[in-house]
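Understanding the architecture of this molecule
Chain by chain, the residues:
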Amino acid sequence: MLRRQSVLSGLIALLCAAAPARAAGGRVLTLEDALRTAREKQPQLRQARAGTLAAKARSDEAKSQLLPQVQASAGYQRTTGNIFTRPGVVSSGGGAGATAGSTSSFDTFNYFSSGITANQLLYDFGQTTGRWHSQEAQARATEDTEHATRLAIALQVRAAFFDARANKDLVTVARDTWENLKKHLEQIEAFVAAGTRPDIDVFQARSDAANAQVQLINSENAYATSRANLNQAMGVESTLEYDVADEQLAPVEGEDAAIDPLLTEAVKARPELAALEEQVRAQLETLRSVEGQYGPSISAQAGFTQGGVSLAHYGWNASLGLALTWNLYQGGLTNATVREAEANAASTSAQLEVQKQAVRLELEQVRLAVRAAKGTLGASREALDNAKQRLALAEGRYENGIGNIIELGDAQVALTTAAAQVVQANFRLATARAQLIKALGRP
C-alpha cells in the first residue's frame, strides 16, 4: 500500500507552503533587513541624494549674486616710460595733436599696482531674486524626486523579496511532488513485480518522477535567480548563500477603503506631485525674473587702488559711485524669453494635472489588484483542499485495483498545480499590497 501518512504530510506542506526550501546557507534575510540594506547600499539613492545637494548648491549660487562682490588685485610690470601724445588730446607741450615731448627709449622701469573693489546690487526689478527663488523651488523639487526614488526602491525591494519568497515555496512544492512520486514509483514497481499491475504503469511512474526531478531543478534555479535579483534591488554585490524569511506582507491600512480618502492621502503624500508643484513655482519665479529685465539694474560700487614705481613710493585713489544698467533694446529677446517662461509654466501645470490623474488610476488599479488577489487566494486554497482529497481517493482506488495509473498521475498533477496556485496567489497579494503602499506615498 502507498504510505498514506507520508503523502498527507506532503499535502500539509503543500498547503502551508511553509517548509523551508533547500537551505542556501545559514543566514535568513527578512524583508526589513532587505529594506534597510537598500537604504544604506542602493547606489540609485546615493545618486538621487547627490542630485539634491547639487540643486541646493545651485540655489546658493543664485543667492550669491544678491551679496557684495569683492575683488582684490595686485600686479607687477617691467615697462618702458615713453611719453607720447594722441590726436585730439591736449599735451603739455602744445595744442591738440602736437608731438612735442614725445620720447622713444628702451629704458625700462618697475611698476607696482594693487587694488580692491566692491560691488553691491541694490535693485534690479526682481531679476536676481527671481532666479534665486526659482533655484530654491527647483532644489525642493529635486529633494521630492529623491523621496520618490526612495519609494520606488522600496517597491522594487518588496517585489523582489516576495518573488524570491514565492520561488522558495515553489521549490518546496516541487520537492514534495518529487518525493511523493518516488514513493509512488517504489510501490508501483512492487505491484508490477507481483504481477498485479501492467508494465506500462512502472514506465509511466518513472517518467513522472523524472519530470518532477527536472521541475525541482528548474525551481531551485529560479529561486537562486530571484535572490540575485533581490541583491540587485538592494544594491549589493554579495553571495546568494542565504534564504529569504517565511513572511507575508501584512494588510495595508485602508486597502478596503473607498477611493476618495485614499486619493486625498496620496495627493498629499506623493513626492512626484510635490515635485511638480515646486517646478510650477520655479517656472513662475523664472517668469518674474525675466520680466524684471524690462527695467534697469542699479548697483553701488567702491574701489581703492594703489600704484607706483616702487613699493616705498605708492600713490593711491579711492572711489564711490552708483551704476545703472538698462538694456533698452535687445531685438525682442526679453519679450520672447517672457513668452517662453509663460509657456513652460503652463506646460508644467498641465503635467501636474496629468500626474494627479495618473495617481488616481494607479490607486484604482492596485485596489482592484488587492481585491482580486484576496479572492484568488481563497479560491486557490479551496482548490488545494479538493486536490488533496482527490489524490487520497485516487491512491485508494489504485491500491484496490479500481483506478489506473493515469487517474493517479492526474490527481498528483492537480495537487501540484493547486499548491503552486496558492503560492502564486500569495505572491500576487503581497505584490499588490507593496504597490498600494507606494501608490499612497508611504515608506
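One can find the structure itself at the top, above this paragraph.
**Some thoughts on the pairing of strand β6 (residues 313–325)**
Little of β6 sits out of view: just one of its 13 residues are buried. As defined by bridge partners, strand β5 (residues 297–310) adjoins β6 across twelve bridges and the pair is classed as antiparallel. Within β6, the position partnered with Gly303 by the bridge is Ser319. Remark: two residues form the turn of the hairpin made by β5 and β6, two consecutive strands paired antiparallel.

**Regarding the pattern of salt bridges**
Applying the stated criterion across every chain yields a total of 24 salt bridges. For Glu278, the salt bridge goes to Arg140, with nearest N and O atoms at 3.0 Å. Linking Glu278 in helix α7 (residues 271–291) with Arg140 in helix α4 (residues 127–194), this pair joins segments that are 138 residues apart in sequence. Classification of Glu278 as buried rests on a relative accessible area of 11%. Owing to a relative accessible area of 37%, Arg140 belongs among the partly exposed residues under this scheme.

**Thoughts on the packing of α4 against α7**
Two measures define how a pair of helices packs: the angle their axes make with one another and the distance between the axes. Two elements in contact, α4 and α7, have axes whose closest approach is 8 Å; the angle formed by their N-to-C orientations is 170°. Compared by their axis directions, α4 and α7 come out roughly antiparallel. Pair α4 / α7 crosses with left-handed handedness. When its residues are assigned to classes, the contact of α4 with α7 shows eight nonpolar, eleven polar and eight charged.

**Description of the packing of aromatic side chains**
Scanning the entire structure with this criterion turns up five aromatic pairs. Look at Tyr76 and Phe112: their rings are 5.1 Å apart centre to centre, the planes differ by 45°, and that puts the pair in the tilted class. A residue pair is termed long-range when its members are at least 10 positions apart, and Tyr76 in strand β2 (residues 69–80) and Phe112 in strand β3 (residues 108–123) qualify at 36 residues. Residue Tyr76 is classed as partly exposed on the basis of its relative accessible area, which comes to 49%. On the basis of an interplanar angle of 25° and a centroid distance of 5.7 Å, the ring pair of Phe304 and Trp316 is categorised as stacked. Remark: Trp316 occurs in strand β6 and Phe304 occurs in strand β5; sequence separation between them is twelve residues. Assessed through its relative accessible area of 31%, Phe304 is described here as partly exposed. In this structure, Lys182 is placed above the aromatic ring of Trp178, and the distance from its NZ or CZ to the ring centre is 3.9 Å. Across the ring face of Tyr223, the terminal group of Arg227 is positioned such that the distance to the ring centre comes to 4.3 Å.

**What to know about the packing of α4 against helix α5 (residues 199–234)**
Axis separation between α4 and α5 bottoms out at 8 Å; the angle between their running directions is 165°. Considered as vectors, α4 and α5 are oriented roughly antiparallel to each other. Here the hand of the crossing between α4 and α5 comes out left-handed. For the contact of α4 with α5, the residue count by class is 23 nonpolar, eight polar and nine charged.

**Thoughts on helix α8 (residues 333–399)**
In an α-helix, one turn spans 3.6 residues, which is why side chains three or four residues apart end up on the same side. Compared with the 99 Å implied by 1.5 Å per residue over 67 residues, the 93 Å span of α8 between its first and last C-alpha is a close match. Note on α8: the residue one or two positions beyond its end, Gly401, has a positive phi of about 80°.

**Notes on a nonpolar patch on the surface**
On the surface, a nonpolar cluster with roughly 410 Å² of combined accessible area is contributed by Val70, Ile116, Phe304 and Trp316. Look at Ile116 and you get partly exposed, because its relative accessible area is 42%.

**Examining the sheet that holds β3**
Strand order in the open sheet formed by four strands is β2-β3-β5-β6, with antiparallel pairing between adjacent strands. Each edge of the sheet is formed by a strand with only one pairing partner; in this case those strands are β2 and β6. If you compare each strand with its neighbour and ignore which way they point, the axes differ by 15° on average.

**Some remarks on the side chain of Gln283**
Relative to the elements of secondary structure, Gln283 occurs in helix α7. The class for Gln283 is buried, based on a relative accessible area of 17%. Excluding residues that lie within four positions of it along the chain, Gln283 makes contacts with Ala341, Asn344, Ala345 and Thr348.

Definitions and cut-offs
- Residues numbered from 1 in each chain as written.
- Predicted model: local features only at pLDDT ≥ 70, side-chain atom pairs only at ≥ 80, totals over all residues.
- Heavy atoms only, no water.
- Buried < 20%, exposed > 50% of the residue type's maximum accessible area, 1.4 Å probe, protein only.
- Helix = DSSP H or I, 4+ residues; strand = E, 2+ residues; numbered from the N terminus.
- Pairing = 2+ DSSP bridges.
- Salt bridge = Lys/Arg side-chain N within 4 Å of Asp/Glu carboxyl O.
- Axes fitted to C-alpha atoms, helices over the stretch in contact; angles between N-to-C directions.
- Parallel < 35°, antiparallel > 145°, perpendicular 65-115°, else oblique.
- Left-handed = near helix turned anticlockwise from the far one by under 90°.
- Nonpolar A, V, L, I, M, F, W, Y, C, P; charged D, E, K, R; others polar.
- Phe/Tyr/Trp six-rings, centres within 6.5 Å; stacked < 30°, edge-to-face > 60°.
- Lys NZ or Arg CZ within 6 Å of the ring centre and 35° of its normal.
- Expected span 1.5 Å × (residues − 1).
- Patch = residues over 30% accessible without salt bridge, like charges linked within 9 Å, V, L, I, M, F, W, Y side chains within 5 Å.
- Areas by Shrake-Rupley, 256 points an atom, 1.4 Å probe, with all protein chains shown as cover.
- Contact = heavy atoms within 4.5 Å.

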